[in-house]
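# Fold and geometry: a report
As a plain string of letters, each chain reads:
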Amino acid sequence: MILDPREIINLTELYYHLKPGVIISRARTKTIAEARAVAIYITSKFTEYSTTELGNYYFKRDHSTILHNIKKIDRELIKKLDNNCSKAVDFMLTKYNMD
């Protein structure tokens, strides 16, 4: 199943109780950065966007920043380092019937 990145962002903002559009903004607070990382992770897994395309979509971020976010969430999911990230990813996957 291929998802629309905007839909992923909207659902992530809903989960984190963020204002619309804040995930693709330049804001770098902990909550927004975490939400952005989760959205990038889900977008990378369920769209056909390259890391460069994802970087452009997420407010002109470098592809290496995108890779860093993907690897960060992967590590947190594997090691269960951050329960909130795990719960957010589980919520997204359940919402899209991909668990």
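Predicted model, so just to flag it, every value in this text is computed and none were measured.

A few words on the pattern of salt bridges. A side chain of one charge can pair with a side chain of the opposite charge if their charged atoms are brought near each other. Taken as a whole and judged by the stated rule, the model has two salt bridges. As a salt-bridge pair, Glu 13 and Arg 6 come within 3.5 Å of each other at their nearest N and O atoms. Exposure remark for Glu 13: the relative accessible area of 3% places this residue in the buried category. Given the relative accessible area of 26%, Arg 6 is considered partly exposed.

What follows deals with helix α1 (residues 5-16). A turn of α-helix holds 3.6 residues, and therefore any two residues three or four places apart point the same way. End to end, α1 covers 16 Å across twelve residues, agreeing with the expected 16 Å (1.5 Å per residue, within 8%). Among all positions in α1, only Pro 5, Ile 8, Ile 9, Leu 11, Thr 12, Glu 13 and Tyr 16 are buried. Against α2 (30-46), α3 (51-57) and α5 (83-95) lie the buried residues of α1. Count one or two residues on from α1 and you reach His 17, which has phi positive near 60 degrees.

The rules behind these values
- Residues numbered from 1 in each chain as written.
- Predicted model: local features only at pLDDT ≥ 70, side-chain atom pairs only at ≥ 80, totals over all residues.
- Heavy atoms only, no water.
- Salt bridge = Lys/Arg side-chain N within 4 Å of Asp/Glu carboxyl O.
- Buried < 20%, exposed > 50% of the residue type's maximum accessible area, 1.4 Å probe, protein only.
- Helix = DSSP H or I, 4+ residues; strand = E, 2+ residues; numbered from the N terminus.
- Expected span 1.5 Å × (residues − 1).
- Contact = heavy atoms within 4.5 Å.

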